[in-house]
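# Residue-level structure breakdown
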Amino acid sequence: MSPVTTKIDDGVAVIELNNPPVNALAVPVLEGLERAVKDAQANSNVRAIVIHGAGGKFSGGFDITQLRKSTQGKPSNDVGDFNAILCRYVEGGSKPCVAAIENLALGGGLEVAMSCNARVATPRAQLGLPELQLGVIPGFGGTQRLPRLVGLEKSLEMMLKSKSIKAEEALKLGLVDKIADPSRIVAEASALAKAIASGSVKRELSMYRKDKLPDPKSTEMILKEASKKAKRVQSVMPHVALCVDAISVGLAQGPEEGLKREAENFKKAVSSPAAKGLVHFFFAQRATNVVPGITDVGLKPRPMKSVGVVGGGLMGSGIATACLLAGIQVVLKEIKQEFLDAGVGRIQSNLTSMVRKGRMTEDKARQLMSLVKPTLTDQDFRQCDMVIEAVIENLPLKQKIFCELERICKPDCILSTNTSTIDITKIAAKMKNPERIVGAHFFSPAHVMQLFEIIRTDATPAQILVDTLGLSKQIKKTPVVVGNCTGFAVNRIFFPYTMSATVLVDIGCDPYAIDRAIMMFGMPMGPFRLGDLVGHDVGVHVGQNFIDDFPDRVYRSPLIPSLLANKRLGEKSGAGFYKYDNKRRATPDPEGVEMLIAASRAQSKLPLDGSPVPAGLSPQEIAEMIFFPVVNEACRVLSEGIVVKAGDIDTAAILGMGFPAFRGGVVHWGDSVGPAVIAAKLRAWSTKYGGLYQPCPYLENCAIQGRTLAQGPLDTKIKSRL
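These remarks concern the structure in this document. Predicted model, so just to flag it, every value in this text is computed and none were measured.

This part takes up the state of the cysteines. In total, this model carries 0 disulfides according to the counting rule given. Unpaired in terms of disulfides, Cys 116 finds its nearest cysteine sulfur in Cys 97, a separation of 5.3 Å.

In structure tokens, the structure reads:
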């Protein structure tokens, strides 16, 4: 079937885009649309044109697989000339065009709609230009038309923040001209098109409208402020400044010049490292639910109608909230009434917060709370489809819980643990059927964070994994299936993160300079501010697992334990590396940690080889010394088969630890730096600072063979150089 078809009805050429599932503007669709519009304009039996999408969607935008080819430097079709088609045959043709927008008009889809002379949308339509999320800018005239249709400030918000709007707001702004029921969308668009053709309704050319634009002085001020913000991130995310520049040129020199600049800037953006990273992340994130041998053997997930949660603390209440938001009944169990009441209160607080932010009505919140069954007994788990244990990281306690759950729950109930570090087989060691346990690791706050680590053992049945993957879809999380090891994927690859930061402090770096450098790299906060947030007592407890299991490649600094000894736990105690006011605002506290840092440096005896301590490390050098060991550990995880593919690590690092998405993830970034560069620097640091930096054979072999980390080494028998 052709991706673009035309039907003439009462003088209106109804052009339909048909490229499931979202009518992406692939090259054949663009070519088909061009032919259809040209034919309609030339057809004497046609008075007006309507463009709409099949399958209940207008268009989700430009075909991202085409964009992926461009970011990878592969041959791809140049679709830059399509802008001229929109200008000449859609917007400026002799016969008016109207877009019939059903449910979705994003990116290039909205740009096609904006080139039409009017737009009719369904009530639930979503409209936006999210291109900057992929490291590029609108390329089909969006930088020129959107400011003229909704105003400059709103257009900047929609483009720079990739913020879509709904039909009702679009109507108020003037982005759409009418809202119609889905069953009437084509008929209403046809009627409007005929009215424009007859002259009873004014025909608009969005490219040349000026009524929504501010006065010149205000325009200059708004663009100056936008440019100022864009320049702050220009070194790592150039597409933001390129977008503002294209808008500025169009408003100053006219839309024709603006279109030329848009095309030039699009090509610059698509070749940037940020676009490569963001497009890589886009595809990696969508591939995590594909697990060879599990999702390709014909098994179907069983829907979770009732989920039990053991423990009503911050994590347990967050997990319960995530399930409630998906309409799943929740049985919440605690050991004391006061703990249970507190857990229910946390769930209520989570929902109330969403009501306060306008994301939910009070009636909806009450309806969801009615799905919660608080209990003090395990007996209420009997009819649950899945039970998730979310208690403290105490192995004997977890073992006791699962022995009881195994006895009470129905045979096909999935038993899962939210442990972040403990070996799953140890937790299951005292069960009669240990294969029933699967890891269901949420990240805090569980109802907000998108990542969901699913941990399998060698004995985990495929159906349990498929069912747990199904749960992730129900609760709208991104799943990453990982193997069973200390720390699993995210905590495992990031265990060197804080350890390496303490190495830097022990050789003379200022902890606040380290935090600033890591934030400049793109992380939401530095390692010491993160430690304060999590709690240094938690950090020491979790870190001990890695010290016990990987003793030859850790760094034991006395710095963090000394904070605990001085009751500087972080936010929870009011002081850590930073001090906190009653609103938890952080202020550096160098005087408070000065003596502790001095004592740690005196005990460290670094560098180990007696070489001089490096002076004045740059932000880039700090970032490399902290993140190269993380890349190294990711290579170990790949070599051990803990994850199926490198993209799973990249997705997990971005969603679980806030690794900057524009860098594409830990492995992708490591490949952009180069395995040989990373291996050489780690080798030198291992001599100075110990086994934390020793490059693993996987990394060394990739460096020797000229292979990317994502590809892996061809010959795994090549020995490490160390």
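Below, the discussion takes up the packing of aromatic side chains. Inspection of every chain in the model, using the stated rule, returns 21 aromatic pairs. Here the aromatic rings of Phe 494 and Tyr 497 are separated by 5.8 Å at their centres, their planes lie at 75°, and the arrangement is edge-to-face. By the burial criterion, Phe 494 is buried, and Tyr 497 matches it. With a centroid separation of 5.4 Å and 85° between ring planes, the pair formed by Phe 627 and Phe 659 is classed as edge-to-face.

What follows concerns a positive patch on the surface. Taken together, the side chains of Lys 161, Lys 224, Lys 228, Lys 229 and Arg 232 make up a positively charged region of the molecular surface. Mapped onto the secondary structure, Lys 161 falls in the loop between α6 (152-160) and β8 (165-166). A relative accessible area of 62% places Lys 161 in the exposed class.

Turning next to helix α22 (residues 527-534). When α22 is considered as a whole, its buried residues turn out to be Pro 527, Phe 528, Arg 529, Gly 531 and Asp 532. In the core, the buried residues of α22 are packed alongside α20 (495-506), α21 (511-521), α23 (536-549), β18 (578-580), β19 (586-588) and α26 (619-639). Just beyond α22, the residue with positive phi is Gly 535, at close to 110°.

On the basis of which strands lie adjacent, the open sheet formed by 3 strands has the order β5-β7-β8 and mixed pairing. Edge positions in the open sheet fall to β5 (104-106) and β8, since each of these has one partner strand only. Relative to β8, strand β7 (residues 126-128) is paired through 2 bridges, and the arrangement is antiparallel. Residue pairing across strands places Gln 126 opposite Lys 166, the latter belonging to β8. Taken strand by strand, helix α4 (residues 108-115) contacts β5 and β7, and its axis lies near 95° from that of β5.

Moving on, we come to the sheet that holds strand β17 (residues 478-483). An order of β12-β11-β10-β13-β14-β15-β16-β17 is seen for the 8 strands of this open sheet, with the pairing classed as mixed. Each of the sheet's edge strands pairs with one partner strand only, and the pair in question is β12 (372-375) and β17. Ignoring strand direction, the axes of neighbouring strands in this sheet form an average angle of 25°. Alignment of strand β16 (residues 451-456) against β17, held across 6 bridges, turns out to be parallel. Looking at β17, one finds that Glu 453 is bridged to Val 480. Sitting on the sheet, helix α13 (residues 314-325) is in contact with β10 (306-310), β11 (329-333), β12, β13 (386-389) and β15 (437-442), with an inclination near 170° to β10. Packing against the sheet, helix α14 (residues 337-356) makes contact with β11 and β12, and its axis sits at approximately 145° to β11.

What counts and how
- Residues numbered from 1 in each chain as written.
- Predicted model: local features only at pLDDT ≥ 70, side-chain atom pairs only at ≥ 80, totals over all residues.
- Heavy atoms only, no water.
- Disulfide = S-S within 2.5 Å.
- Phe/Tyr/Trp six-rings, centres within 6.5 Å; stacked < 30°, edge-to-face > 60°.
- Buried < 20%, exposed > 50% of the residue type's maximum accessible area, 1.4 Å probe, protein only.
- Patch = residues over 30% accessible without salt bridge, like charges linked within 9 Å, V, L, I, M, F, W, Y side chains within 5 Å.
- Areas by Shrake-Rupley, 256 points an atom, 1.4 Å probe, with all protein chains shown as cover.
- Salt bridge = Lys/Arg side-chain N within 4 Å of Asp/Glu carboxyl O.
- Lys, Arg positive; Asp, Glu negative; His and termini not counted.
- Charge placed at Lys NZ, Arg CZ, Asp CG, Glu CD.
- Helix = DSSP H or I, 4+ residues; strand = E, 2+ residues; numbered from the N terminus.
- Contact = heavy atoms within 4.5 Å.
- Pairing = 2+ DSSP bridges.
- Axes fitted to C-alpha atoms, helices over the stretch in contact; angles between N-to-C directions.

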